Amino acid sequence: MQKSLLQLVAACALLLILPLQAWPQAAYPNHPVRILLGFPPGQATDTVARAIGQKLSQIYGQPFVVENRPGAAGIIGTDLVAKAPADGYTLVMFSSGVFAVNPGLYGAKLPYDPVKDFAPITVAVSVPLFLVANASFSPNTVKELIAYAKANPGKVNFASGGNGVTNHLAMELFRSTAGLDMVHVPYKGGPPALTALIAGEVQVMFETGPGALPHVKTGKLKAIAVGSAKRSSAAPEVPTVAESGLPGFESIAWICMAAPAGTPEPIINKLHGDIVKVLAMPDIKERFSALGADPVGNTPEEFSAYLKAEIGKWSAVVKNSGAKVD
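Residues numbered from 1 in each chain as written. Predicted model: local features only at pLDDT ≥ 70, side-chain atom pairs only at ≥ 80, totals over all residues. Heavy atoms only, no water.

A.B. asks: Would you explain the overall build of the protein in this entry?
C.D. replies: Helix and strand content of the protein: twelve helices and ten strands. Taken along the three principal axes of its C-alpha coordinates, the protein extends 95 × 40 × 30 Å. Residue pairs at least 24 apart in sequence account for 78% of intrachain contacts in the protein once pairs closer than 6 positions are excluded. Of the roughly 14600 Å² of accessible surface on the protein, a fraction of 59% belongs to carbon and sulfur atoms. (Helix = DSSP H or I, 4+ residues; strand = E, 2+ residues; numbered from the N terminus. Contact = heavy atoms within 4.5 Å. Areas by Shrake-Rupley, 256 points an atom, 1.4 Å probe, with all protein chains shown as cover.)

A.B. asks: Is there a simple way to explain the pattern of salt bridges in this structure?
C.D. replies: Oppositely charged side chains are able to pair whenever their charged atoms sit close together. Considering all chains together, one arrives at eight salt bridges under this definition. A salt bridge links aspartate 46 to arginine 50; the nearest nitrogen and oxygen atoms lie 2.9 Å apart. With aspartate 46 and arginine 50 both in helix H3 (residues 44-60), this residue pair falls four residues apart, about one helical turn. Judged by relative accessible area, aspartate 46 falls into the buried class, the value being 4%. With a shortest N-O distance of 3.2 Å, glutamate 67 and arginine 69 are connected by a salt bridge. Accessibility expressed as a relative area gives 32% for arginine 69, which makes it partly exposed. One network of salt bridges, with partners in common, ties together Arg34, Glu67 and Arg69. (Salt bridge = Lys/Arg side-chain N within 4 Å of Asp/Glu carboxyl O. Buried < 20%, exposed > 50% of the residue type's maximum accessible area, 1.4 Å probe, protein only.)

A.B. asks: Which parts of the structure should I look at to understand the packing of aromatic side chains?
C.D. replies: What describes a pair of aromatic rings is the distance from one ring centre to the other and the angle between the planes of the rings. Summed over all chains, the structure comprises 14 aromatic pairs. Ring centres of phenylalanine 174 and phenylalanine 206 lie 6.2 Å apart, and the angle between their planes is 70 degrees; on these two criteria the pair is classed as edge-to-face. You can see phenylalanine 174 sitting in helix H7 (residues 166-178) and its partner phenylalanine 206 sitting in strand S7 (residues 204-208), a full 32 residues away along the chain. Side by side, phenylalanine 174 and phenylalanine 206 carry an identical accessibility label, which is buried. (Phe/Tyr/Trp six-rings, centres within 6.5 Å; stacked < 30°, edge-to-face > 60°.)

A.B. asks: Please clarify how helix H12 (residues 300-321) should be interpreted in this entry.
C.D. replies: Since the α-helix advances by 3.6 residues per turn, residues separated by three or four positions end up pointing in the same direction. For H12, built from 22 residues, the straight-helix expectation of 32 Å at 1.5 Å per residue is met to within 8% by its first-to-last C-alpha distance of 31 Å. Residues Pro300, Phe303, Leu307, Glu310, Ile311, Trp314, Val317 and Val318 constitute the buried set of H12. Viewed along the axis of H12, the buried residues span an arc of 140 degrees, placing them on a single side of the element. Among the exposed residues of H12, those oriented more than 90 degrees off its buried face are Glu301, Lys319 and Asn320. Along its buried surface, H12 packs onto strand S3 (90-95), helix H5 (96-106), strand S4 (118-134), H7, strand S9 (252-260) and helix H10 (265-279). Where H12 ends, the next residue or the one after it, glycine 322, has phi of about 75 degrees, a positive value. (Expected span 1.5 Å × (residues − 1). Arc of directions from axis to C-beta.)

A.B. asks: What should I look at first to understand the pairing of strand S1 (residues 33-37) in this one?
C.D. replies: Regular strands place their side chains on alternate faces of the sheet. Of all five residues making up S1, four are buried, and the element is well covered by its neighbours. Sheet topology note: the S1/strand S2 (residues 64-68) ladder contains five bridges and is parallel. Its bridge partner being in S2, isoleucine 35 is matched across the sheet by valine 66. The β-α-β motif built from S1, the intervening H3 and the parallel element S2 has right-handed crossover chirality. (Pairing = 2+ DSSP bridges. Right-handed = clockwise from strand over helix to strand, strands pointing away.)

A.B. asks: Explain the confidence of the model for the protein here, please?
C.D. replies: In regions of low pLDDT, the predicted coordinates are not meant to be interpreted in detail. Summary statistics for the protein give a mean pLDDT of 89 and a share of 92% for residues scoring 70 or more. Between residues 8-25, whose pLDDT stays under 50, and residues either more than four places distant or in other chains, the model counts eight contacts. (pLDDT = per-residue confidence, 0-100.)

A.B. asks: Sorry if this is basic, but what is going on with the nonpolar core here?
C.D. replies: Side chains of a nonpolar character, in soluble globular proteins, are inclined to be buried together. Counting residues in each nonpolar core, the largest one holds 85 residues, and the members touching the most others are Ile52, Met93, Phe174, Val204 and Trp254. The dominant element in this core, judged by the number of residues it contributes, is S4, at ten residues. The next biggest cluster of nonpolar side chains, apart from the first, holds 16 residues, and it includes Tyr187, Leu194, Met205 and Ala235. (Core = buried A, V, L, I, M, F, W, Y, C linked by side-chain atoms within 4.5 Å.)

Here is the structure:
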């Protein structure tokens, strides 16, 4: 009797010292999960987050609720997740600018560390950036554009959605790789920049497929090349910058999911596996293809290595270009 009582006490003591994080793992998720993003509704990150969240809700039988916390180049919403409990019930969906570009732009002022403060889950999609030009601009290829810009230093203007944003830095990478003297003209967002390009106020810019390709199809703009390593499924006839004269060039936007650092590994692996399943669903692939987005679904380890490489790459571009935040 005494021996049995001692065994019961020992068993209870063992249960009490188990890590608290072990308890929710078996039943995860057993209540709603929040997906925060630092951008307003309607943007590509929001669209991808809602599509994936809806499918995860169906898989788990628990709501995955997207919460938009826009402001400060995505920093506000992202920082909320960095400081959230590491229990798998607060996730973040973010773009390459928030994690790969902001460290170079903001430096020590950035309130989160994209490597140390987050547990990577997966890169959900990559979004190629297209090099597009005003329809009346004479160059039609990358080689022709380089030749024209070299023959007319300081006379080719390129637009962007603002200082330090992804399409600004993509052109800075192009300009420095090709050794060109071009003038940056920042606008307050992608739509005004595209309007200026169509009007002929500027000659070229990089822009995502959803923003640029509708104008290419109507003939208001022309697509010179795409910045991804391979041709885009949204416009397979458009050659890559790399195959058009600048080998090794790559500039894409990407959208990923992460959790606060310290989130239990079984939860990370469970989310990763099911997000990969979602990305392979025909209706999701079709929906993302319409956005010019290609599903990725790499592992947390691959994502971590890729993120570190991207931070180094874009920090160097920021430094070399002298880009400053508005």
